[in-house]
Structures are given as structure tokens and as C-alpha cells.
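Residue-level structural notes
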Amino acid sequence: MPAYTVTVTGATGKTGRHVARQATARGWRVRAAVRARPPDADWVRLDWDDEDSWASAFSGSQAAYIVIPFNHPGAPEKAPRLLEAGAAAGVPRIVLLSTLDAEHAPPDDPVRVAELALERLGVSWAILRPTWFLDNFTTGSFAAMTAAGELRLPARDARIPFVDCRDVAAVAITALAPDGPAGYLPITGPEPLSHDQVVAA
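Description of the structure in this document.

Definitions and limits used
- Residues numbered from 1 in each chain as written.
- Predicted model: local features only at pLDDT ≥ 70, side-chain atom pairs only at ≥ 80, totals over all residues.
- Heavy atoms only, no water.
- Helix = DSSP H or I, 4+ residues; strand = E, 2+ residues; numbered from the N terminus.
- Contact = heavy atoms within 4.5 Å.
- Expected span 1.5 Å × (residues − 1).
- Polar contact = N/O pair within 3.5 Å; in protein donor to acceptor, adjacent residues only side chain to side chain.
- Axes fitted to C-alpha atoms, helices over the stretch in contact; angles between N-to-C directions.
- Parallel < 35°, antiparallel > 145°, perpendicular 65-115°, else oblique.
- Nonpolar A, V, L, I, M, F, W, Y, C, P; charged D, E, K, R; others polar.

Among the structural elements, Pro178 can be located in the loop between helix H6 (165-176) and strand S8 (183-187). Distance in space between the C-alpha atoms of Pro178 and Ala63 is 8.2 Å, their sequence separation being 115 residues. In contact with Pro178, other than residues within four places in its own chain, are Tyr4 and Arg93.

Moving on: H6. With 12 residues, H6 extends 16 Å from end C-alpha to end C-alpha; this agrees with the ideal 16 Å at 1.5 Å per step. On the buried face of H6, the contacting elements are helix H1 (16-25), strand S4 (63-66), strand S5 (93-97), strand S6 (124-130) and S8. The backbone nitrogen of Arg166 has a side-chain oxygen 2.8 Å away, supplied by the residue at the start of H6, namely Asp164.

Orientation of helix H3 (residues 75-88) relative to helix H4 (residues 110-119), taken along the N-to-C sense of each, is 10°, at an axis distance of 8 Å. One element, H3, and the other, H4, form an angle in the roughly parallel class. Mapping the contact onto sequence places Pro76, Glu77, Ala79, Pro80 and Leu83 in H3 and Pro110, Val113, Ala114, Ala117 and Leu118 in H4. Looking at the contact of H3 with H4 residue by residue, the class counts come to nine nonpolar, no polar and one charged.

Take a look at the structure:
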């Protein structure tokens, strides 16, 4: 019997690399959908600037994990078309990485537009809505400040239930499974922390 096959976009990124690793641990076949071949990976070319590459990235997969690269110009606006390409290629289950605050975003916000586009596709879908990644302090946006020993953010005493990207991936894997949950899946860490507490830790 052929292995359960999942397409993972952003397979070298914060959550995608953990999704790929955890999917492989389950015995699934992972197709890393990226622009250039990553080391030691079964890969398929997917370039957000080349829509002709989209269909083949999804063809033959039973599920797909989609990450919108917001630092790639034009990608957020193209996300609905990429999701449509996945459904048109026959992927029956699509999991989209969103954000916890997308629920309150205006209707023309690219993240919310992508969410609503996925809902309309007629596939089994799950939308992950995680809170801020704890990993941002070590490998993401705030890593340089962390390394320098001084964190400057307009946070005051606000508390956030930061979440580890490995936990986001674990939820993604559950949703990608043939009998996985569907719908909106909020994801938070175990407790709300202030930035002072994070810095102290």
C-alpha cells in the first residue's frame, strides 16, 4: 500500500521543518514543496512567482500543509489561488497556518481572505491559529535583540501564552491525518507570560 503522502510548503521554515520531521516519524511520505532542493529531502518545486509550478507540487498528495510566506512580495495576495491549485490537484485535506488574531482582522486582510478562500473549496480543511511563537526570541524576529542581551518591544505588562513551533507542528500533524480534526484550531502555550518573564528565563 502506498505511503500516506503530504505536501509541506515552507518545509525549511519555523513550523514546516517540524511538520516534515514529525510526518516522517509517522511513516508518511513528505514532499517538501520549495523553490530549491533542500538537503536529504524528497522535494517538489513550488515557486510562489511561478503559478505553473503549483499543480505538480500538490498532485498525488493526500494532504497539504500551507504556510504563507509574508516576507515574499505578492505571496499573501496569491494565497487563495495557491489553495485553489491544491484543491484542483486533488488534495482532499488542506491545513493552513494562520494567526490567533485573524478572527478579528478586517475582511480584506490577506490572512482572513486566505482563510475564507479555503473554507469555500469543498475539501476537508483545518486552519491553525497559533499565538506568538516562543521561537521568535531564538530563531526569529527578536533573535538579534536576544543575542545582544536587550529586548526593546512596546509590550509593557501584556501577557502572551507563547507557543513552541514544535507544538504547532504537532497540531498540524494531527490535522493532516486522514481522520484528523477540521475547522479552526486555536493554539496557545501553557501559560501567559510577560516579556519580562521571558527575558528572565
